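Fold and contact review
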Amino acid sequence: MLVNVKGLVKRYDKLVALDYLDLQVEEGEIFGLLGPNGSGKTTAINCILSLIRYDKGSIEIFGKPMKPNAYDIKRNIGIIMQNVAVFEELTVYENIYYFCSLYIKDKIEVKRLTREAIEFVSMEDYADFYPKKLSGGLLRRLNIACGIAHKPKLIILDEPTVAVDPQSRNKILEGIKKLNAEGATIIYTSHYMEEVEQICSKIAIIDKGRVIAQGTKEELKAMISLGEKITMELYELPEKNINELKEFPGIYSVEYHENLLEIKSAKGRNNLIHILDYMAKNNIIFGKVYTELPTLNDVFLEITGKELRD
Amino acid sequence: MSLGLYFMRVKCLLRNMEGIFWCYIFPIILSTCLYLGVSKLGAVEEFETIKIAYVVGEAQTELSKEAGTAVSQEQAELSHEVGTAVGHNELLSVMKAAKLSEDKYMFDITLCSSKEAVDLLEKGDIEAYIIGGDRPELFIKENGLNETIVKSFVDSYMQKQITIKNILVSNPEALNNGLIDDLIGQTDFVDISDKHKKPDNIIIYFYAILAYTCIFASNWGLEEVINIEADQSMRGARISASPVSKMRLFACNMLASYTCHIISVILLFLYMKFVLNVKFGDELAYLIAICLAGSLTGLLMGASIGFWIKKKPAIKEAIIIAFSLGCSFLSGMMAVEIKYYVTEKFPLLAYINPVNLITDAMYSLYYFDGHNRYFINLMLLMLMAAVFTVASYFGIRRRNHDSI
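Predicted model only: the values in this text are computed from it and were never measured. (Residues numbered from 1 in each chain as written. Chains lettered and ligands numbered in written order. Predicted model: local features only at pLDDT ≥ 70, side-chain atom pairs only at ≥ 80, totals over all residues. Heavy atoms only, no water.)

The next subject is the interface of chain A and chain B. With 36 residues of chain A at the contact, the number on the chain B side is 29 residues. Of the roughly 3100 Å² buried between chain A and chain B, counting both surfaces, carbon and sulfur atoms make up 62%. Contact with chain B buries area across many residues of chain A, yet Leu51, Arg53 and Leu102 of chain A alone supply 21% of it, more than any other trio. For the pair chain A and chain B, the interface holds 2 salt bridges. Between Glu94 of chain A and Lys11 of chain B there is a salt bridge; the shortest N-O distance is 3.1 Å. Residue assignment for the side of chain A that touches chain B shows that the elements contributing at least two residues are β1 (3-12), α2 (71-74), β6 (77-80), α3 (92-101) and α5 (136-148) of chain A. Of the residues forming the side of chain A that touches chain B, the biggest block, 5 residues, is contributed by α3 of chain A. Within the side of chain A that touches chain B, the residues separate by chemical class into 20 nonpolar, 9 polar and 7 charged. (Contact = heavy atoms within 4.5 Å. Buried area = accessible area lost by both parts, 1.4 Å probe. Salt bridge = Lys/Arg side-chain N within 4 Å of Asp/Glu carboxyl O. Helix = DSSP H or I, 4+ residues; strand = E, 2+ residues; numbered from the N terminus. Nonpolar A, V, L, I, M, F, W, Y, C, P; charged D, E, K, R; others polar.)

Here's what the structure looks like:
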């Protein structure tokens, strides 16, 4: 176990930010911490890094208790904050060099690692640029380079793609996968379920400071009853037909509004053929038809009763 | 590693244009403005040679009547005062010889007739004219400094002439006792010693600017805390998550700030001394020592505020600026009378005001022979620095925060 968080409680006056939070991160994983804004993701990260005090619980990293002065643990952690944390007065190269030199004593090694980090984030052409001259996406890449230059074993990324253009986002996500392939364990927090689904090998869904579900994305989706979501474009659908569709075996939700029919069915039921057959027999004209497998948002919705984006 | 962090921080500080402006450039602009303003205020108006006309060998009474048509009744009365005294054309030679300086005569005299003199006065080509003779008469067009000088000169000449004549009549032997020398010579009863400069309130303003610059270091001290504390900035959070001792990093950064700041103070001092020619006296080493102490106190004060005031960085910055300006105001930066008033009415406030301690130490070096007052100020300043050091030490010892 690389990171073991047990019963973590953090209160801000009357607000309970972390409510007996438990997290276990294995070596080599890309561990996704998924939850809406204000669910406690960043607070959990700050506690794990010993940046803030917590009221109860224990945190172990690399098998040792994490404390503010646990320098041997911190030496192997890389942190990429939600907001860009660099010095405006230093160039791209100098920023990476500076933060790397906080971890590595050998100057030659720091220089080598700095160059590698610049290559990793594809910023060779911007090495002498000051941060204020960089675009938002490039700034994010610099932020990442500053956090990973010292080749940490554990990298914590706290919503690194917020307000980033799609191209830079893809680069960042590819970079994370590459870091993981090179041996780093990743903790990745986000409220973008697509990103988490795309890169994480294990996911913890967090809400109101508690882990409400944990596992691989397949395991999480298996936890809910929804198996398939069928959507059809219809110009008209009488109430009688809606009620008849509801009687189909395995279908537990039929909703029709704004010319869209949404049918949710349980796992293991291939209802599409039966529905198309019903439409044909009843001369119901329909347009586009598409089916979707459940997403993490559906998981979140089924467990909490609200959308991830709420 | 520490040396590398120190130099990197120095690089950061010297590239921070805002910090450089307020610490390096603004005090220079301020002192230059003060210098320009003060040089106008302090400059003695330079006397120029006065153009007059002198009328020789005409009947005084007729001329007086003629002149009376050209000048006012008041001026005629003034001329009458002078004219009643006994005079000769010797006055002309005395006036010709009178000098303002080695190469500058007091009067530019045109010899002319009375009519020409009246014309010249009317046109404004001369300030006054004198009709010589036994009873010289002075005619002016309007009252002014130059007219007053001419009148005083003629009055003085006439008085001395009468006095000498009276003495010659009553006691001719007095001539051998140096009485004439006594009459001609002047004695100044004001003594200016070598050590004590003449009182100069203007220099206090320059001291106040130097002191303000020293205490401005508090902004840099605060910046160091913001950069290192996780609850103050994202950089602070990143640094706090790194395996470097915060105490060591803070010491490196503070040393870098102190280095850069003290350079700004010394540059300002050199600028004032060699470019603006501000007379700081002879004890420059003491002056620099108080600047070093002031800068250190300012830096540590800013750090203490940064550690212990639980507000957002912008609010802390506002507090520091208000505090620095308040201290500078109370130490006479805007009006020197405030400094005297505070020292007299609220001595405790004067003793706990770091800017006042700096200016007072500088003031004492300039005006007083001993160093007692200087050292009292220096010790108080160092005591403050020690208190702020302890406060900063306990501030940085806090390992983590309630929230960030």
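Our focus in this paragraph is the pattern of salt bridges. On inspection of all chains with the given rule, the structure shows 19 salt bridges over all chains. Where Arg15 of chain B meets Glu94 of chain A, a salt bridge forms, and the shortest distance between an N and an O atom there is 2.6 Å. Of the two residues, Arg15 of chain B is situated in helix α1 (residues 2-15) and Glu94 of chain A in helix α3; the pairing between them involves two chains. Ionic pairing is found between Glu229 of chain B and Lys246 of chain B, a salt bridge with its closest N-O pair at 2.7 Å. Residue Glu229 of chain B is found in the loop between α10 (217-228) and α11 (234-240), and its partner Lys246 of chain B is found in helix α12 (residues 246-275); the two are separated by 17 residues along the sequence.

Simply put, disulfide is the name for a covalent bond between the sulfur atoms of two cysteines. In this structure the tally under the stated criterion is 0 disulfides over all chains. Free cysteine: Cys146 of chain A, not disulfide-bonded; nearest cysteine sulfur from Cys100 of chain A at 9.6 Å. Of all cysteine sulfurs in the structure, the one in Cys260 of chain B sits closest to Cys12 of chain B, which takes part in no disulfide; the separation is 10 Å. With relative accessibility at 3%, the residue Cys12 of chain B sits in the buried group. (Disulfide = S-S within 2.5 Å. Buried < 20%, exposed > 50% of the residue type's maximum accessible area, 1.4 Å probe, protein only.)

So, about a nonpolar patch on the surface. Residue and element names in this part refer to chain B. Where nonpolar side chains cluster on the molecular surface, the patch consists of Tyr341, Phe346, Leu348, Leu349, Tyr351, Ile352 and Ile376 and spans about 730 Å² of accessible area. For the nonpolar patch, the element with the highest residue contribution is helix α16 (residues 347-351), accounting for 3 residues. Positionally, Phe346 belongs in the loop between α15 (336-345) and α16. Of the residues examined, Phe346 reaches a relative accessible area of 44% and is grouped as partly exposed. (Patch = residues over 30% accessible without salt bridge, like charges linked within 9 Å, V, L, I, M, F, W, Y side chains within 5 Å. Areas by Shrake-Rupley, 256 points an atom, 1.4 Å probe, with all protein chains shown as cover.)

What follows deals with the layout of surface pockets. Empty space within the largest pocket amounts to approximately 730 Å³. For the largest pocket, the lining is made up of 26 residues, of which Glu89 of chain A together with Asn16, Glu18, Gly19 and Glu223 of chain B are closest to its centre. Mapped onto the lining of the largest pocket, the elements with two or more residues apiece are α1, α2 (17-42), α10 and α14 (313-330) of chain B. With 5 residues, α10 of chain B is the largest single contributor of residues to the lining of the largest pocket. Across the lining of the largest pocket, the residue classes break down as 12 nonpolar, 5 polar and 9 charged. (1 Å grid on protein atoms, 1.4 Å probe; cavity = no way out; pocket = protein on both sides within 12 Å on 5 of 7 lines; lining within 4 Å. Points joined across faces, edges and corners; volume = space filled by probe spheres on them.)

What follows covers helix α17 (residues 354-367) of chain B. All names here are of chain B. A rise of 1.5 Å per residue sets the reference length of α17, with its 14 residues, at 20 Å; its end C-alpha atoms lie 20 Å apart and thus fit the reference within 8%. Of all the 14 residues making up α17, 14 are buried; the element is thus mostly covered by neighbouring parts of the structure. The residue sitting at the N-terminus of α17 and contributing the capping side-chain oxygen is Asn353; that oxygen lies 3.0 Å from the backbone nitrogen of Val355. (Expected span 1.5 Å × (residues − 1). Polar contact = N/O pair within 3.5 Å; in protein donor to acceptor, adjacent residues only side chain to side chain.)

We now examine the sheet that holds strand β14 (residues 286-292) of chain A. Residues and elements named next belong to chain A. Pairing in this open sheet of 4 strands is antiparallel, and the strands run β12-β13-β11-β14 from one edge to the other. Edge positions in the sheet fall to β12 (251-257) and β14, since each of these pairs with one other strand and no more. Taking the axes of each pair of neighbouring strands and ignoring which way they run, one obtains an average angle of 15 degrees across the sheet. With respect to the sheet, helix α10 (residues 272-281) is in contact with β11 (226-234), β12, β13 (260-266) and β14, its orientation differing from that of β11 by roughly 25 degrees. (Pairing = 2+ DSSP bridges. Axes fitted to C-alpha atoms, helices over the stretch in contact; angles between N-to-C directions.)

Here we take up the sheet that holds strand β4 (residues 107-111) of chain B. Adjacent strands of a sheet pair through backbone hydrogen bonds, lying either parallel or antiparallel. All names here are of chain B. Across the sheet, which stays open at both edges, the 4 strands sit in the order β4-β1-β5-β6 with mixed pairing between neighbours. Lying at the two open borders of the sheet, with one neighbouring strand each, are β4 and β6 (137-140). Neighbour-to-neighbour, the strand axes of the sheet open up by a mean angle of 25 degrees, direction not taken into account. Across 5 bridges, strand β1 (residues 50-55) lies against β4 in parallel orientation. Looking at β4, one finds that Ala53 is bridged to Thr110. Along the sheet, helix α5 (residues 90-97) contacts β1, β4 and β5 (128-131); its crossing angle with β4, the most-contacted strand, is approximately 140 degrees. Lying over the sheet, helix α7 (residues 145-170) contacts β1, β4, β5 and β6, oriented at roughly 50 degrees with respect to β1.

In this section: the environment of Ala128 of chain B. Residue and element names in this part refer to chain B. The topology assignment puts Ala128 in strand β5. C-alpha separation for the pair Ala128 and Leu349, spaced 221 residues apart in sequence, amounts to 58 Å. Discounting residues that sit within four places of it in the chain, Ala128 has contacts with Lys51, Ile52, Ala53, Leu121, Leu138, Phe139, Ile140 and Val150.

Residue and element names in this part refer to chain B. In this structure, Ser218 sits in helix α10. On the basis of relative accessible area, Ser218 is assigned to the buried category, the value being 0%. Here Ser218 is in contact with Gly298, Leu299, Met301, Gly302, Ile320 and Ser324, once residues within four sequence places are set aside.

Attention shifts here to the domain arrangement of chain A. Examined at the domain level, chain A breaks down into domain 1 (3-221) and domain 2 (225-293). Between the C-alpha centres of domain 1 of chain A and domain 2 of chain A the distance comes to 43 Å. (Domains from an automatic or database assignment.)

With that settled, the discussion passes to the environment of Tyr235 of chain A. Residue and element names in this part refer to chain A. With respect to the helices and strands, the residue Tyr235 is situated in the loop between β11 and α9 (239-246). A relative accessible area of 64% means that Tyr235 is categorised as exposed. Along the chain, Tyr235 and Glu258 lie 23 residues apart, while their C-alpha atoms are 8.7 Å from each other. Among all residues touching Tyr235, those that are not within four sequence positions of it are Tyr256, Asn259 and Ile285.

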